[in-house]
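# Overview (structure and organization)
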Amino acid sequence: MKREDIVNFIERAERGDKRALGRLLSVLEDLSLETAWIVEYLASKSGRAHIIGITGIPGSGKSTLISRIIKALRGKGYSVAVVSIDPTSPYSSGSILGDRLRMQEHATDPGVFIRSVTTKGLFGGLSLAALAIIEAFDAMGYDKVIVETVGVGQGETDIMHVADTIVVITMPGAGDDIQALKAGVLEIGDIYVVNKSDKPEASKTYEYMLFVAEKGEVGRGGGWNPIVVKTSATLGLGIRELTEALDKHLSYLIESGEKEKRLVSRRAHMIKLIALKILLESLNSVVEIESSNIMEAVKSMKGFYEEALRIAMLSGKRISDLISI
Amino acid sequence: MAKLYSKDAIDEIIKAYKEWESNVLPEWLSRMPERQKEFTTLSGIPLKPIYTPVDLRDHNYMEKIGFPGVYPFTRGIHATMYRARIWTMRMFSGYGGPEETNERLKTLIKAGETGLSLAFDNPTLVGVDPDHPLAEGAVGVVGVSAPTLLDMEIIFRDIYLGDVTTNMTINPPAPVLLSFYVAVAEKQGVSYDRIGGTTQNDPLKEFIAQKTYVFPPEAAVKIAMDVVEWSVKNLPKWNPISISGYHIREAGATAVQELAFTLADGIEYVRQLIARGLDVDMFAPRLSFFFDSHINFFEEIAKFRAARRMWAKIMREWFNAKKPRSWWLRFHVQTAGCSLYPQQPWLNIVRTAFEALAAVLGGCQSLHTNSFDEPFRVPSEFAAKIALRTQQIIAYETGAADVIDPLAGSYFVEWLTDEIEERAWRYIERIESMGGMLEAVKKGYPQREVEESSYRFQKEVEEGKRLLVGVNIFREEEVEEIRRVPLLEFNQEEIERRQKERIKKVRSTRDESKWRRALDELRRAAERGENIMPYVLNAVKAYATLGEIMDTLKEVYGTYEEPPYY
Amino acid sequence: MKNPPTTRKIKVLVAKIGLDGHDRGAKVIARALRDAGFEVVYTGLRQTVDQVVSAAIQEDVDIIGINQHEGSHIYVAKKLIERLREVGAEDIPVVMGGSIPILDIESLKSIGVKEVFLPGTPISEIIAKLKDLASMKVK
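Residues numbered from 1 in each chain as written. Chains lettered and ligands numbered in written order. Predicted model: local features only at pLDDT ≥ 70, side-chain atom pairs only at ≥ 80, totals over all residues. Heavy atoms only, no water.

What follows is about helix α5 (residues 128–139) of chain A. Residue and element names in this part refer to chain A. A rise of 1.5 Å per residue sets the reference length of α5, with its twelve residues, at 16 Å; its end C-alpha atoms lie 16 Å apart and thus fit the reference within 8%. With twelve of twelve residues buried, α5 is to be regarded as a mostly interior element. Every buried residue of α5 is listed here: L128, A129, A130, L131, A132, I133, I134, E135, A136, F137, D138 and A139. One or two positions beyond α5, positive phi appears at G141, with a value near 90°. (Helix = DSSP H or I, 4+ residues; strand = E, 2+ residues; numbered from the N terminus. Expected span 1.5 Å × (residues − 1). Buried < 20%, exposed > 50% of the residue type's maximum accessible area, 1.4 Å probe, protein only.)

A few words on the interface of chain A and chain B. Between chain A and chain B, the residue contacts involve eight residues of the former and twelve residues of the latter. In this assembly, chain A packs against chain B so that about 730 Å² is buried in total across both faces, 59% of it on carbon and sulfur atoms. The largest per-residue losses of area from chain A upon contact with chain B belong to I96, R102 and T234 of chain A, which jointly make up 53% of the total buried on that side. Applying the counting criterion to the chain A and chain B interface returns one salt bridge. For K199 of chain A, the salt bridge is made with E218 of chain B, and the minimal N-O distance between the two is 4.0 Å. (Contact = heavy atoms within 4.5 Å. Buried area = accessible area lost by both parts, 1.4 Å probe. Salt bridge = Lys/Arg side-chain N within 4 Å of Asp/Glu carboxyl O.)

Take the domain arrangement of chain B next. All names here are of chain B. Each assigned domain of chain B is listed with its residue range as follows: domain 1 (7–62) and domain 2 (68–479). The centre of domain 1, based on its C-alpha atoms, is set 35 Å off from the matching centre of domain 2. Counting from both sides, the interface comprises 16 residues of domain 1 and, opposite them, 22 residues of domain 2. Linking domain 1 to domain 2 there are zero salt bridges. Here domain 1 is connected to domain 2 by eight residue pairs in polar contact (both at pLDDT 80 or more). Among the residues making up the side of domain 1 that touches domain 2, the classes are represented as nine nonpolar, six polar and one charged. (Domains from an automatic or database assignment. Polar contact = N/O pair within 3.5 Å; in protein donor to acceptor, adjacent residues only side chain to side chain. Nonpolar A, V, L, I, M, F, W, Y, C, P; charged D, E, K, R; others polar.)

Residue and element names in this part refer to chain B. The first and last C-alpha atoms of helix α12 (residues 297–318) sit 31 Å apart over 22 residues, in line with the 32 Å expected at 1.5 Å per residue. In terms of burial, α12 is largely enclosed, as 16 of its 22 residues are buried. Positive backbone phi, approximately 55°, marks N320, located one or two places after α12.

All right, on to the sheet that holds strand β4 (residues 94–98) of chain C then. Adjacent strands of a sheet pair through backbone hydrogen bonds, lying either parallel or antiparallel. Pairing is parallel in the open sheet, where six strands are placed in the order β3(A)-β2(C)-β1(C)-β3(C)-β4(C)-β5(C). Two strands close off the open sheet at either side, each with one partner strand: β3 (95–97) of chain A together with β5 (115–117) of chain C. Taken pair by pair, the neighbouring strands of this sheet meet at an average axis angle of 25°, ignoring direction. For strand β3 (residues 63–68) of chain C and β4 of chain C, the ladder comprises five bridges, and the chain directions are parallel. Looking at the pairing, I66 of chain C lines up with M96 of chain C of β4 of chain C. (Pairing = 2+ DSSP bridges. Axes fitted to C-alpha atoms, helices over the stretch in contact; angles between N-to-C directions.)

Within the structure shown, the criterion is met by 32 aromatic pairs over all chains. Here Y95 of chain B and F490 of chain B contribute two aromatic rings whose centre-to-centre distance is 5.2 Å and whose plane-to-plane angle is 55°, an arrangement assigned as tilted. On the criterion of sequence distance, the pair formed by Y95 of chain B in the loop between β1 (88–93) and α3 (98–110) and F490 of chain B in the loop between α19 (479–482) and α20 (492–509) is long-range, its members being 395 residues apart. Classification of Y95 of chain B as buried rests on a relative accessible area of 12%. Seen from their ring centres, F207 of chain B and Y213 of chain B are 5.9 Å apart, and the 0° between their planes marks the pair as stacked. An identical accessibility class is assigned to F207 of chain B and Y213 of chain B; each is buried. Note that K144 of chain A overlies the ring of Y78 of chain A, its terminal NZ or CZ placed 4.3 Å from the centroid. The aromatic ring of Y206 of chain A is capped on one face by K230 of chain A, whose charged end is 4.8 Å from the ring centroid. (Phe/Tyr/Trp six-rings, centres within 6.5 Å; stacked < 30°, edge-to-face > 60°. Lys NZ or Arg CZ within 6 Å of the ring centre and 35° of its normal.)

What follows is the structure, given as structure tokens:
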């Protein structure tokens, strides 16, 4: 893709052209070397959005709840972008992006933009593409950027580096899952939601969540005690309380200076992923070319490793310089 | 209990079989090898070259086969079967507005059909009015548009509801459509004890297959059970539910899955009704079933026979039903729409005939035969008549209706009946271990199973393991011939406009305060968890529209959207 | 360092427009395309034309695949292609499948539908045609 075309997409996207934004996101997904200067440009415009990570145990009604949240946030006048992360099929390189299905009622809302991302990141975490897309949504002025991740695996700890607010969704009677939550998979929430609260066992789960939240067994520490909210996504109950909790957490972040810190952490994470990408691609070419000489290859690798580390240490402003080595 | 075959007889046959296998067969196979590596039914059940009494060695005749009209009803629920009365020829029909459908029903009655069956358009099926944005372009297309009591009055103009029985393929809006029907019957002066017919009203299969769901699973089941409870107490001749495997099969399930999931749905409903405090013998005789008849001839016949035997056992042994009528599995059959193809469409007449014959040999109570033009459009009158006449030929020319359960005792058919039953029980056990079908559906279990099967079938077609005449073998270029298919033509836009005008008129001429009160009462009854049927009937009589009633219920119960299953 | 080769997969939107619930075909296709290495955006049932177009734009798909079984294919095709034109996305090719009379194929193509797949079309053929369409589309 030519640089002028990309500039054209960016300019049009900034004027609110959704088609151009859609195309721009594809450019970012492709992760060509162009990504670097685009990300650099986007980073100069971004930093204002409230990044909300939403994760939950499978079957907790996550997508339906997100659809309700979008509606409530729109009601408050916020524009909303969603990055929906779908798992890639383990059997083929293809994938079915189905999570957007539950949010399709918002597809035609001019203040909503939903994008599915399939590409798995290195080591199974959030991909660089996902991070670049978040950066783009932020730069295009979306007030709220919701990042939906599957409730298991590496993505959960990755989201910690990226989201300002993490919402963890659980549901009544998920006894084993709560054990999993205590065991660390989902312990990083700022807000806990007990969805399907119309179920009989709901109050028991709610009480339990309150208890662990107050005891400080879950949460990201600092001066914030996780809020626990009961919802029923199907019946639309508890959604107002949930959006109020989101606002409350955002105020806390701004007042405590955490918001700024989390932005830095997000950028740092992105830089790290860019560095890793450079490293891996370089390694691949080295291994291919020089596999006949093992010692030589190892030596080159060492050089790349040091270079990648150096990149990771630097600020987002100079990403492009580094990439055009 | 005595076995069908003595041990001596079995031993003798085993010995002879072994001799045949080692002395006769190999030479034949070397000269004429089998044409494929393995033979399976459409459901993938592996088949041997021949079946003998050895495959039925443990059979006790009375336990497995018995007599028609006697437990376990393998041979049929009536002692007389078609020797007394031919099955009901019930043609699923309806298109356009109520006027067009009224004409079609009268034509079919004149052509000799013996029961009515209404097909509704998609807006009606999901309970939205013709002026809803999603209804645009869909009013009257795949069935009749029936959003108000007035429409139903026109559909049955000059048809006396005391003389006919009517099946209505309707699910989430079943309370509304049943109320329309009852209100029309009342206006015609037909008493409740003479109102006969069926509402499909089977919510669980909506989530598995038909996908005209509206409410979330629990609420959907609750509403359906309201219809059953109200109906068994008020309409003694009405079948308030038709527990349907048809759509599950059409969505790609195997025969075994169709059977198992349908019975598991039935089990769930029986439990729900018992939990309401109803006596099993009060409602069980009113439960009815609906199956598909696919192209794999013997498998279908075996499926129907196994279904009767299994349900009888479930009702008698699991639920302690005392009345023999409670043990009956009464079922309607439709030939397989998914077995029809647009390529060389006339071949569909032949397919349908075989499928209909399987339904008759399997002992169905009523039958719909598909029209050959269905891959294209709602049937033309010409095509619908051929389909109906196909049933008449089976009934009056072939002799298939003259002896009860004529394939009983075929080693193959009896073995296959046992095999299908055995496989279906395994599915039912798995569903039971999940806590029943409502839980299994919420987990997406049957949904995934069906998707797997449908994908597997498609792959088999691709790989040439399943041969379809005119589709993947004996293909032809045939555009000119197809130009000669006389398709049903009607002005859809005109009908949509008419239906929108009519509903506007209904809304503007009804008694506003009566209408508002009826909907308020309905909402409150739903919030209190009461049976909604009397309130829906009341609202219908106040000319509340289908969409208005459904919207009221959606506010209370919420709506459902399907998660992706892959 | 050189630009790595573009490995972007073909992204297809599979949708059903209107109220019809016959999703067997749409689901089989979605799976088959996934297994052939496509990225499939599945929007589920009961979509409006506007929803489909919005999703296609936001997801930046290469192809829109519409499965229709209820006889409204011509109506749907007209509206869809008109809407794509309005939003400047007419370069996204539209294909259709389902219970469509053979005699309507010509009308659909004159409206602007690129390919029409009838029941019984081998999936391998569908995949090959979609690959062609995607490669013809200027990226």
